[in-house]
Amino acid sequence: MNSPFASSFPALRSGFSYLDNAAGAQVPSHCIDAISQFLTTGSCNVGQPYAASKVATTLKARARAETAEFLHCQPEEVMLGPSATAFTFLVGRALSRLFKPGDEVVISELEHESNAAPWRALEAQGVKVKTWRARWPEGRLEASDLRALVTPRTRLVAVTAAANSVGATPDVAAAAEMAHSVGAWVFVDAVHSSPHHLPDVKAWGADFAVFSPYKVFGPHLGCLYVRRELLAGLPADKLWFIPEDSPQKFEPGTTNHEGWAGWLGSLRYLREELGGGQPGREGLVRAFQRIEELERPLLESTLERLSRHPRVTLYGPKEPTGRVATFCFNVPGVSPRAVAEHLAAQDVGVAAGHYYATLAAEALGLMPDGAVRASLLHYNTQADVDRLMAGLDSLP
């Protein structure tokens, strides 16, 4: 039952089927060892002339540079911090000082609440927030529906690169092109897409983007991308001596150095174990090609088996294209929590609830209980899928 990746991921050696990966991925030994090494050899802050501080200073610079390679941007466009949610609220507060009554923001119906609440907060100062409705029950976002919403008053479009609820993957580049045609900015939530597909903020046309390393086999951290041309003009609550064009303006306090050591270890895992040992962005491109190859049969088989299960109501795209291996479903007559508890007793971990995707849950009429969610990554196996299906078959 063990994953073939159990040699790299200690948590997988238990044989438990981790199918709640959308809430956070397991981490490889590369990450764990890097954290231990940093803390063991000297946990110090940056900027001082002694040896351990020099290590921390170099570590933070490397984390910024390698995260830039991951996102396909420049290091000075990367901010390192505690979470994607915290960064989105920071950007929301910055934009609240720039936007005026009558300005408009568009958020998609597939958003995690962290990419909705910061923009709805702008309504208090007269900003109009519109919702880009999805086509249900598949959860597809159509560009033509966005076209009907954007106007010359639109200042921002917020869109996910993959829905953490139903797994749909919107055409972010098309949304950005439409937003830019009226002079609006685009904020991309790449949290759920980033463990499945390598982010590319340039190809997307993103002005802002966030992702979470803990979804990409790393520690609990967050990253923010801000297009270089915008950074200096964004108001920030910062220490007075930090330059306006420095990414440190959105990094209040001391960052989690041991966490960034771990993230560098996770990137090393991707390059060494999946990317053929290639350095830089090329190693990551190869790694994610391999990830997509590994996930494809898992996605196809799980989708097919859940779709034809006589007791399951499946939400989201019904075809493998345009989605990731995240499956949102219910068993009529059995609460989502009861399904999750039954599966947990069979050594299968899934989520139950709305997973902070309240807009999607409301659109599907699933509030307040939500639905069951099974989410797979490259280290999962067909045996995990078999165990999930057997657990559903044995529901009372």
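Just above sits the structure.
Residues numbered from 1 in each chain as written. Predicted model: local features only at pLDDT ≥ 70, side-chain atom pairs only at ≥ 80, totals over all residues. Heavy atoms only, no water.

Participant: What is the right way to read the overall build of the protein from this model?
Facilitator: The helix and strand tally for the protein stands at 13 helices and 13 strands. Each principal axis of the C-alpha distribution contributes one length, and for the protein these read about 65 × 55 × 30 Å. Counting every position in the protein, which comprises 396 residues, the buried fraction comes to 58%. Partitioning the contacts of the protein with sequence separation of at least 6, the portion at a separation of at least 24 is 66%. Both charge centroids of the protein, one from 37 positive and one from 42 negative side chains, sit 3 Å from each other. (Helix = DSSP H or I, 4+ residues; strand = E, 2+ residues; numbered from the N terminus. Buried < 20%, exposed > 50% of the residue type's maximum accessible area, 1.4 Å probe, protein only. Contact = heavy atoms within 4.5 Å. Lys, Arg positive; Asp, Glu negative; His and termini not counted. Charge placed at Lys NZ, Arg CZ, Asp CG, Glu CD.)

Participant: When you look at the sheet that holds strand 5 (residues 154–160) in this model, what are you seeing that I'm missing?
Facilitator: Two pairing modes exist for strands in a sheet, parallel and antiparallel, and in both the strands are linked by backbone hydrogen bonds. Strand order in this open sheet of seven strands is 2-8-7-6-5-3-4, and the pairing throughout is mixed. Edge strands, defined here as strands with exactly one partner in the open sheet, are strand 2 (78–81) and strand 4 (128–132). Strand-to-strand, the axes of this sheet are offset by a mean angle of 15 degrees, without reference to chain direction. For strand 3 (residues 104–108) and strand 4, the ladder comprises five bridges, and the chain directions are parallel. Its bridge partner lying in strand 4, V106 is registered against K130. Together, strand 2, strand 7 (208–211) and strand 8 (222–226) form the strand contacts of helix 2 (residues 51–71), whose direction differs from that of strand 2 by roughly 120 degrees. (Pairing = 2+ DSSP bridges. Axes fitted to C-alpha atoms, helices over the stretch in contact; angles between N-to-C directions.)

Participant: Help me out: how do you make sense of the packing of helix 9 (residues 257–274) against helix 10 (residues 280–308) in this one?
Facilitator: Any two packed helices are characterised by the angle at which their axes cross and by the distance between the axes. Running from amino to carboxyl end, helix 9 crosses helix 10 at an angle of 70 degrees, the nearest separation of the two axes being 8 Å. The orientation of helix 9 with respect to helix 10, classified from their angle, is roughly perpendicular. Together, L267, L270, R271 and L274 of helix 9 and G280, G283, L284, R286, A287, F288, R290, I291 and L294 of helix 10 make up the contact between the two elements. Grouping the constituent residues of the contact of helix 9 with helix 10 by class yields eight nonpolar, two polar and three charged. (Parallel < 35°, antiparallel > 145°, perpendicular 65-115°, else oblique. Nonpolar A, V, L, I, M, F, W, Y, C, P; charged D, E, K, R; others polar.)

Participant: Sorry, what's going on with the state of the cysteines here?
Facilitator: Working definition: the covalent bond between the sulfur atoms of two cysteines is a disulfide. Here the structure, examined in full by the defined rule, presents zero disulfides. Of all cysteine sulfurs, the one in C223 lies closest to C73, which takes part in no disulfide; the gap is 9.6 Å. (Disulfide = S-S within 2.5 Å.)

Participant: Help me out: how do you make sense of the sheet that holds strand 13 (residues 371–375) in this one?
Facilitator: Strand order in the open sheet formed by four strands is 9-10-13-12, with antiparallel pairing between adjacent strands. Looking along the sheet, the strands with just one partner apiece sit at the ends: strand 9 (313–315) and strand 12 (351–353). Going across the sheet, the axis of each strand differs from the next one's by a mean of 30 degrees, ignoring polarity. One ladder, built from four bridges, connects strand 10 (residues 326–330) with strand 13; its direction is antiparallel. Directly across from C328, in strand 13, lies its bridge partner R373.

Participant: Sorry if this is basic, but what is going on with the pattern of salt bridges here?
Facilitator: A side chain of one charge can pair with a side chain of the opposite charge when the charged atoms of the two come close. Inspection of the entire model under this criterion finds 27 salt bridges. Where E66 meets R271, a salt bridge forms, and the shortest distance between an N and an O atom there is 2.8 Å. Placement of E66 in helix 2 and of R271 in helix 9 is noted, with a sequence separation of 205 residues between them. Taking the relative accessible area as the measure of exposure, E66 reaches 13% and is therefore buried. When its relative accessible area of 9% is taken as the criterion, R271 is described as buried. R286 serves as the salt-bridge partner of E282, at 3.0 Å between the closest nitrogen and oxygen. You can see E282 and its partner R286 sitting in helix 10, four residues apart, about one turn around the helix. For E282, a relative accessible area of 37% gives the class partly exposed. Among the charged side chains, a salt-bridge network with shared partners connects R62, E66, E69 and R271. (Salt bridge = Lys/Arg side-chain N within 4 Å of Asp/Glu carboxyl O.)

Honestly, it's all geometry; don't read function into it.
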